[in-house]
Amino acid sequence: MLPIRGFLLMKRCLSQYNVSLMMSQIPAPQTDNLLENTDYETLFAETLQMVNTRLSGYLDREAYDSSSEAAGLWEAMRYGTLDGGKRIRSVLAIEACKACGGDLEQILPTVCAIEMIHSQSLIHDDLPCMDDDDLRRGKPSVHKAFGESTAVLAGDALIALAFGLISRETPLNERVSPRLLLDVIGDFSEVTSVRGLVNGQYVDIQHEGKPFTAEILEYIHTYKTGALFRFSLRAGAKLAGAPESVVNRFTLLGQKLGLAFQIVDDLLDIGSTSEALGKTAGKDQLQEKATYPAFYGVDASREMVARLSQEALALLDDTEGMPAGYNPSILKTLVGFIANRIK
Ligand code: IPE
Ligand code: IPE
Ligand code: MG
Ligand code: MG
Ligand code: MG
């Protein structure tokens, strides 16, 4: 029963944003990807540095006191959040905000909150009771370095801290009213709740070593990874004051990119090495995870990524509701990075 119920739940979850699942309507893939040779780290060097500096500053200010009894907890939060991570969700949120005419300061607290929740999801994902992974971002996972109970608590604390950041640090102005900010915080709560990544993580774990359907597979990826991608693009558009049609289009863009990103993650798990990834490769097969290559095979999974990328590019070509001078080229480059990434 769960597949049908779950699929319907996912459709409901997306339809509240006027987002429909279009996997069955995807056009044939195009192979000419012009964005293949983009160097992500060079292109976004300035943005990455800014995000890391701001994130570190917030953690220092809000969550670090070396003289406290809880110094070990704070250290674990910093260890799990800083020093590593591609910050792809941050870059997407920032570029979405800029493309919609917003400025950086409006989105930066939310960006840092996104990275905190993302890091929390990784800390908990690696726990022995979850994926049981000892390597993350090229170093021992938080539970290996600090112990299991500290890893659980560090994740818990990061969730709460993330909410505090968005609500306290986002500047209010003519674009961002208190009502709009509350709305963004409401969206954020869905990412972390049973309507978001926790839901996907639950269904992922439940299906380990068990048969699964195409619907369940899409469900898992749509929630466990898609939720935060949808939020990142949606919040970027919302905090720029974009109209509802644009906010919904960017949410759908997040759905496409989140799914593509996780399919590539599945592909890298079987096609790359632990050294290159900074996390243990080859685990999905061992743990009998529900993955795209396990269900469809490598070639068909790659084609799905190509199709999702083409759909994402088409969404970015839609200028309806966009400000004068809208230029989607950087976001298009990011689509290419997600499809062709090697780590
Ligand atoms: C890893 O995400 C977890 C998935 C959703 C696949 P990233 O690949 O973005 O992890 P970092 O932040 O770069 O370490
Ligand atoms: C996890 O997916 C997605 C999360 C929400 C944390 P995976 O379990 O495949 O992520 P990795 O491969 O451990 O990074
Ligand atoms: Mg997992
Ligand atoms: Mg994992
Ligand atoms: Mg994985």
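The structure displayed is predicted, hence computed values, not measured ones.

## Description of the site of ligand 1
- Lining the immediate surroundings of ligand 1 are Gly84, Gly85, Lys86, Ile88, His118, Arg137, Thr225, Gln262 and Asp265.
- Counted by class, the shell around ligand 1 contains one nonpolar, five polar and three charged residues.

## Comments concerning the site of ligand 2
- Neighbouring residues of ligand 2: Ser121, Leu122, Asp125, Asp131, Asp133, Leu197, Gln201, Lys224, Thr225, Asp265 and Lys279.
- Elements with a contribution of two residues or more to the shell around ligand 2: α6 (104-125) and α10 (197-206).
- With three residues, α6 is the single largest residue contributor to the shell around ligand 2.
- Residue composition of the shell around ligand 2, grouped by class: two nonpolar, three polar and six charged.

## Section: the confidence of the model for the protein
- Per-residue confidence for the protein averages 90 on the pLDDT scale, and 89% of its residues sit at or above 70.
- Overall, residues 1-36 carries pLDDT values under 50, and its contacts beyond four positions in sequence, including any with other chains, amount to 45 contacts.

## Some words on unusual backbone geometry
- Positive phi values are uncommon outside glycine, yet arginine 87 reaches one of about 60 degrees.
- Position of arginine 87 among the secondary structure elements: in the loop between α4 (71-81) and α5 (88-99).
- One non-glycine residue, arginine 137, lies in the positive phi region at around 50 degrees.
- Within the secondary structure, arginine 137 sits in the loop between β1 (135-136) and β2 (139-140).
- Residue arginine 137 is classed as partly exposed on the basis of its C-beta count, with 18 C-beta atoms lying within 10 Å.

## What to know about the packing of α5 against α6
- It is at 9 Å that the axes of α5 and α6 come closest, and there the two elements cross at 160 degrees. Between α5 and α6, the angle falls in the class roughly antiparallel. Handedness of the crossing formed by α5 with α6: right-handed. Across from Arg89, Ser90, Ala93, Ile94 and Cys97 in α5, the residues of α6 making contact are Leu104, Gln106, Ile107, Thr110, Val111, Ile114, Glu115 and His118.
- In terms of residue class, the contact of α5 with α6 is built from seven nonpolar, four polar and two charged.

Basis of the calculations
- Residues numbered from 1 in each chain as written.
- Chains lettered and ligands numbered in written order.
- Predicted model: local features only at pLDDT ≥ 70, side-chain atom pairs only at ≥ 80, totals over all residues.
- Near = placed C-beta within 6 Å.
- Nonpolar A, V, L, I, M, F, W, Y, C, P; charged D, E, K, R; others polar.
- Helix = DSSP H or I, 4+ residues; strand = E, 2+ residues; numbered from the N terminus.
- pLDDT = per-residue confidence, 0-100.
- Contact = placed C-beta atoms within 7 Å.
- Buried ≥ 20, exposed ≤ 12 C-beta atoms within 10 Å, placed from the backbone.
- Axes fitted to C-alpha atoms, helices over the stretch in contact; angles between N-to-C directions.
- Parallel < 35°, antiparallel > 145°, perpendicular 65-115°, else oblique.
- Left-handed = near helix turned anticlockwise from the far one by under 90°.

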